[in-house]
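Residue-level structure breakdown
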Amino acid sequence: KRLELLKEAVPGMSRVGVLWDADAPGPAIAFKEYEAAARALKIQLLSLEVRGPNPDIEGAFQAGAKGRAHALITVQNPVLLRYPKRIADLAMKNRLPSMYEVSQHVEDGGLMSYAANVVDQYRRAATYVDKILKGTKPGDLPVEQAAKFELVVNLKTARALGITIPQSILVRADRVIE
């Protein structure tokens, strides 16, 4: 969905850099899912891998510039979660429209995020805790997918990048930062 929204916001893009932590198993799975989605949307992905507790984020952006990325998506994990402002600033410096998995990046200057609603997730977690405290075995509880998602758009960033966010995205946005 993130790639679809990014393509809708930036119709001419054909190459997207994906910033991800290559040392973590979760982001590796997510990157493979982005590859499948990119093929369906006829978008070329550039793998912008970082590693370790002190990732070379600047180096990843240089690789994105060398590969002529038109936009950026980050795969969130604890390592990259520590650098929302730095990533958003580098995306802006490199004139890359950016899509994130958490809204913090958009609040720090990124273009858009599409993610599960955190408040709803905590509410659902409280329901699980309540059931466990009342005697339900954790293994008997079903695994649930997130039900509510939140789209956040930063119009200030869009203007700075010279992008006009389509009305079709703005009407779906849960939050618009002006």
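Before reading on, note that the structure itself is shown above.
The structure reproduced in this document is the subject of the present report. Since the model is a prediction, treat every value here as computed from it, not as a measurement.

For Arg-2, the location among the structural elements is in helix H1 (residues 2–9). Side-chain polar atoms of Arg-2 contact the side chain of Tyr-34, separated by 3.4 Å. When residues no more than four places from it in sequence are discounted, the contact partners of Arg-2 are Tyr-34, Ile-73, Met-99, Tyr-100, Glu-101, Tyr-114 and Ala-115.

Looking now at helix H2 (residues 25–41). Side chains that are three or four residues apart share a direction in an α-helix, a result of its 3.6 residues per turn. Compared with an ideal rise of 1.5 Å per residue, which puts 17 residues at 24 Å, H2 spans 25 Å between its outermost C-alpha atoms and is within 8% of the ideal. Taken together, the buried positions of H2 are Pro-27, Ala-30, Phe-31, Tyr-34 and Ala-38. Down the axis of H2, the buried set is contained in an arc of 105°. They therefore lie on one face. Looking at H2, the residues exposed on the side facing more than 90 degrees away from the buried face are Pro-25, Ile-29, Lys-32, Glu-33, Arg-39 and Ala-40. Tucked into the core, H2 has its buried residues touching H1, strand S1 (15–21), strand S2 (44–50) and strand S3 (71–74). Positive phi appears at Lys-42, one or two residues downstream of H2, with a value of about 60°.

Orientation of H1 relative to H2, taken along the N-to-C sense of each, is 40°, at an axis distance of 9 Å. On the basis of their axis angle, the class for H1 and H2 is oblique. The handedness of the crossing between H1 and H2 comes out as right-handed. Of the residues in H2, those in contact with Arg-2, Leu-3, Glu-4 and Lys-7 of H1 are Tyr-34, Ala-37, Ala-38 and Leu-41. A per-class count over the contact of H1 with H2 returns five nonpolar, no polar and three charged.

Of all seven residues that make up S1, seven are buried, and the element is covered over most of its length. What you see with S1 is no split at all: Arg-15, Gly-17, Leu-19 and Asp-21 on one side and Val-16, Val-18 and Trp-20 on the other are buried throughout. Both S1 and S2 contribute to a ladder of seven bridges, which runs parallel. Of the residues in S2, the one forming a bridge with Val-18 is Ser-47.

Residues Leu-6, Val-16, Met-112, Val-153 and Ile-165 are the most contacted members of the largest nonpolar core, which totals 32 residues. Taken together, the elements giving at least two residues each to this core come down to H1, S1, H2, S3, strand S5 (112–116), strand S6 (149–154) and helix H8 (155–161). If sequence neighbours within four positions are ignored, Val-16 has contacts with Leu-3, Leu-6, Ile-43, Gln-44, Leu-45, Leu-46, Ala-71, Leu-72 and Ile-73. Formed by 19 residues, the second largest nonpolar core is a distinct cluster that contains Leu-19, Leu-46, Val-50 and Ala-60.

On to the sheet that holds strand S4 (residues 98–100). Ordered in space as S2-S1-S3-S4-S5-S6-S7, the seven strands form an open sheet in which the pairing is mixed. Pairing within the sheet leaves two strands with one partner each, and these edge strands are S2 and strand S7 (175–177). Across this sheet, the average inter-strand angle for adjacent strands is 20°, counted without regard to direction. One ladder, built from two bridges, connects S3 with S4; its direction is parallel.

Turning to the packing of aromatic side chains, a few remarks are in order. A complete count under the given rule lists two aromatic pairs for this structure. Centroid distance Tyr-114 to Phe-149: 5.4 Å. Interplanar angle 10°. Geometry classified as stacked. In this pair, Tyr-114 is assigned in strand S5 and Phe-149 in strand S6, connecting sequence segments 35 residues apart. Note on Phe-149: relative accessible area 39%, which makes it partly exposed.

Analysis parameters
- Note on numbering: residues in each chain are counted from 1, in written sequence order.
- Local features in this predicted model are restricted to residues whose pLDDT is 70 or higher, and side-chain atom pairs enter the listing and the counts only when it is 80 or higher, whereas totals over whole chains, interfaces and linings include all residues.
- As a convention, hydrogens and water are excluded, and side-chain values are obtained from all of the structure's heavy atoms.
- Only runs of H or I of at least four residues qualify as helices and only runs of E of at least two qualify as strands under DSSP, and these elements are numbered from the N terminus.
- Nitrogen and oxygen atoms within 3.5 Å of one another constitute a polar contact, given that in protein one can donate a hydrogen and the other can accept it, and given that sequence-neighbouring residues count only through two side-chain atoms.
- Working rule for contacts: check all heavy atoms of both residues, and any pair within 4.5 Å makes them a contact.
- Each helix should span, by expectation, one fewer than its residue count multiplied by 1.5 Å.
- Burial classification: accessible surface area is computed with a 1.4 Å probe over protein chains only, and a residue below 20% of its type maximum counts as buried, one above 50% as exposed, and the rest as partly exposed.
- Of all possible arcs, the one meant is that of the directions from the helix axis to the C-beta atoms.
- Every axis in this analysis is a line fitted to C-alpha atoms, fitted for helices over the stretch in contact. Angles between the N-to-C directions lie between 0 and 180 degrees.
- Note that the term roughly parallel is reserved for angles under 35 degrees, roughly antiparallel for angles over 145, roughly perpendicular for angles of 65 to 115, and oblique for everything else.
- Should the near helix be turned anticlockwise from the far one by less than a right angle, the crossing is left-handed, and should it be turned clockwise, the crossing is right-handed.
- Residues are grouped as follows: nonpolar covers Ala, Val, Leu, Ile, Met, Phe, Trp, Tyr, Cys and Pro; charged covers Asp, Glu, Lys and Arg; every other residue, Gly included, is treated as polar.
- Strands are labelled as partners when DSSP assigns at least two bridges between them.
- By nonpolar core is meant a set of buried Ala, Val, Leu, Ile, Met, Phe, Trp, Tyr and Cys residues that side-chain atoms within 4.5 Å join together.
- Only the six-membered ring of Trp is used, alongside the rings of Phe and Tyr, when aromatic pairs are assigned; centres must lie within 6.5 Å, and planes under 30 degrees apart are stacked while those over 60 apart are edge-to-face, with the rest tilted.

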